Amino acid sequence: MKNYSIAKSRRLRSTPYTSRIEKQGVTAYTVYNHMLLPAAFGSIADSYEHLKKDVQVWDVAAERQVEIQGKDSAKLVQLMTCRDLSKSKIGRCYYCPIIDGSGNLVNDPVVLKLSEDKWWISIADSDVIFFAKGLASGYKFDVKIFEPVVDIIAVQGPKSFDLMEKVFGKIIKELKFFGFSYFDFEGVKHLIARSGWSKQGGYEVYVQDTQSGQRLYDHLFETGKEFNVKPGCPNLIERIESGLLSYGNDFDNNDNPFECGFDQYVSLDSEINFLGKENLKKVKLNGIKKKLMGIKFEAKEVSLSGSLDLKDENNNIIGELRSACYSPHFEKVIGIAMIKKPYWEVSQSVKAEINGNICTGNVCDLPFI
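Residues numbered from 1 in each chain as written. Predicted model: local features only at pLDDT ≥ 70, side-chain atom pairs only at ≥ 80, totals over all residues. Heavy atoms only, no water.

(A) Just the packing of helix H5 (residues 160-168) against helix H6 (residues 210-223), in detail. Relative orientation of the contacting elements H5 and H6 amounts to 115 degrees, with a least axis distance of 10 Å. Like other packed secondary-structure pairs, H5 and H6 cross with a definite hand, here right-handed. The segment H5 lies against H6, with Leu 163, Met 164, Lys 166, Val 167 and Phe 168 engaging Leu 216, His 219, Leu 220 and Thr 223. For the contact of H5 with H6, the per-class residue count stands at 6 nonpolar, 2 polar and 1 charged. (Axes fitted to C-alpha atoms, helices over the stretch in contact; angles between N-to-C directions. Helix = DSSP H or I, 4+ residues; strand = E, 2+ residues; numbered from the N terminus. Left-handed = near helix turned anticlockwise from the far one by under 90°. Contact = heavy atoms within 4.5 Å. Nonpolar A, V, L, I, M, F, W, Y, C, P; charged D, E, K, R; others polar.)

This is how it looks when you write it as structure tokens:
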């Protein structure tokens, strides 16, 4: 697959760390929330191996926040998500599928409860801010909605805990998964959550003081030399092996939470009010007609920039491959696919044309690892 350069402009925003990662050797960008998101620092396979054994610092400022504050903020946040937040606690992060009136997915953010009347929605790649403003206007909610100045630095990998302890002290290791608190760096408080878009463990620093964040970014590399710290970014191989789904790639606004395996986040039996609730009740009653599953192919390489038809032995189209990579762990191509009923059974044989060759494979469960 041929790569093309990205033309920078005002509407394609850089981050406070862009100049730094370019000096550090970023080799590819993608566009995420109208911002530059690093996509590679050389070999993705080499970065994958490093992420699994050491520590990386990621510029993920493209993971933007939608701040909702005010008297009706909790009502609006709950209206947007099918997850019951009635017992949510300040200082916690919550994975919350956002759905529309049809019950289809708009985004799958992490929601941070900062106070009873102040929330951050840490969004995937879609314009949630306009969705939220439209709902607030239509329902006449007393809220203020805007994008705050927050530019996230992620510290990921098994050695991330030792690196962060060296910078912030032992107390940072006491932070529970999806918990957050405030930690001091050179006199500036930073909100840090134990979270991140990898299964290797780590933290995300929600930087609001840009200059302090830039100094922290540099300090992490100076301090992390003994841990073999390197710049990195969300890794395609690691995230597919781990079954970390990507909005816009693995699912979009044509899919509902049940089709994507989000059943545990759909609170149909509670008293809460959210968009699409009645439609999702119908979906649950009637059953789904397609489902996200894993696929393993007997192939050594794949280049995928769009959906790829999956067929059975009789050449019937039974689904589509939406994300894929070569997995060093399995020594074959693996991918995430939306499979039609009844073909989603594990071990169902499939075939697809990959790089001009007909390759065979089998359906499997997610995550792979």
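On we go from here.
(B) Focus on the packing of aromatic side chains. Within the structure shown, the criterion is met by 12 aromatic pairs. Ring geometry for Phe 330 versus Phe 368: centroids 6.2 Å apart, planes at 65 degrees, classification edge-to-face. With Phe 330 in the loop between strand S18 (317-327) and strand S19 (332-340) and Phe 368 in the segment after strand S21 (357-364), the pair connects residues that are 38 residues apart, well separated along the chain. Taken together, the aromatic side chains of Tyr 95, Tyr 247, Phe 251, Phe 262 and Tyr 265 make up a single cluster linked through ring pairs. The ring of Phe 146 is capped by Lys 144, whose NZ or CZ atom sits 5.3 Å from the centre of that ring. (Phe/Tyr/Trp six-rings, centres within 6.5 Å; stacked < 30°, edge-to-face > 60°. Lys NZ or Arg CZ within 6 Å of the ring centre and 35° of its normal.)

(C) Region of the structure containing the pattern of salt bridges. Enumeration over the complete set of coordinates arrives at 20 salt bridges. In this structure, Lys 113 and Glu 116 form a salt bridge, with 3.2 Å as the shortest nitrogen-oxygen distance. Exposure remark for Lys 113: the relative accessible area of 4% places this residue in the buried category. A salt bridge links Lys 332 to Glu 298, with the shortest nitrogen-to-oxygen separation between them at 2.9 Å. Residue Lys 332 is found in strand S19, and its partner Glu 298 is found in the loop between strand S16 (290-297) and strand S17 (308-311); the two are separated by 34 residues along the sequence. (Salt bridge = Lys/Arg side-chain N within 4 Å of Asp/Glu carboxyl O. Buried < 20%, exposed > 50% of the residue type's maximum accessible area, 1.4 Å probe, protein only.)

(D) Inspection of empty space enclosed by the protein at higher detail. Under the criterion given, the structure shown has 1 cavity of 30 Å³ or more. Empty space within the largest cavity amounts to approximately 30 Å³. In terms of lining residues, the largest cavity is bounded by Ala 39, Ala 40, Phe 41, Gly 42, Ser 43, Ile 44, Ser 47, Cys 233 and Asn 235. Residues that form the lining of the largest cavity fall into these classes: 5 nonpolar, 4 polar and no charged. (1 Å grid on protein atoms, 1.4 Å probe; cavity = no way out; pocket = protein on both sides within 12 Å on 5 of 7 lines; lining within 4 Å. Points joined across faces, edges and corners; volume = space filled by probe spheres on them.)

(E) Spotlight on the layout of surface pockets. As a volume, the second largest pocket reaches approximately 240 Å³. For the lining of the second largest pocket, the elements supplying multiple residues, two or more each, are strand S4 (65-69) and helix H4 (128-139). Looking at the lining of the second largest pocket element by element, the count peaks at 4 residues for H4. Here the lining of the second largest pocket is built from residues that sort into 5 nonpolar, 4 polar and 7 charged.

(F) Up close: the environment of Glu 259. Within the fold, Glu 259 resides in the loop between helix H7 (236-241) and helix H8 (277-286). For Glu 259, a relative accessible area of 9% corresponds to the buried category. The contacts of Glu 259, once residues within four sequence positions are left out, are Asn 254, Ile 288, Lys 290, Lys 291, Leu 292 and Met 338. At 2.9 Å, the side chain of Glu 259 forms a polar contact with the backbone nitrogen of Asn 256. (Polar contact = N/O pair within 3.5 Å; in protein donor to acceptor, adjacent residues only side chain to side chain.)

(G) Representation of the sheet that holds strand S5 (residues 93-95) within the structure. One open sheet holds the 5 strands; their spatial order is S5-S8-S9-S4-S10, and the pairing between them is antiparallel. Looking at strand neighbours, the two that pair on one side only are S5 and strand S10 (144-146), the edges of this open sheet. The sheet shows a mean angle of 20 degrees between the axes of neighbouring strands, direction not considered. Both S5 and strand S8 (residues 110-115) contribute to a ladder of 3 bridges, which runs antiparallel. Bridge assignment links Tyr 94 to a residue of S8, and that residue is Val 111. Along the sheet face, H4 touches S4 and S10 and points at about 165 degrees away from the line of S10. (Pairing = 2+ DSSP bridges.)

(H) Spotlight on H4. Counted at 1.5 Å a residue, the expected span for H4 with its 12 residues is 16 Å, and the 16 Å between its end C-alpha atoms agrees. Inspection of H4 places Val 128, Ile 129, Ala 132, Leu 135 and Ala 136 among the buried residues, and these make up the whole buried set. An end-on view of H4 places all buried positions within 130 degrees of arc, on one side of the element. Turned more than 90 degrees from where H4 packs its buried face, Phe 130, Ser 137 and Gly 138 sit exposed. (Expected span 1.5 Å × (residues − 1). Arc of directions from axis to C-beta.)

(I) Here's a closer look at the environment of Ile 369. Tracing the sequence through the fold places Ile 369 in the segment after S21. Sequence separation of Ile 369 and Glu 241 is 128 residues, and the distance between their C-alpha atoms is 5.7 Å. If we ignore the near neighbours within four places in the chain, the residues touching Ile 369 are Glu 241, Ser 242, His 329 and Phe 330.

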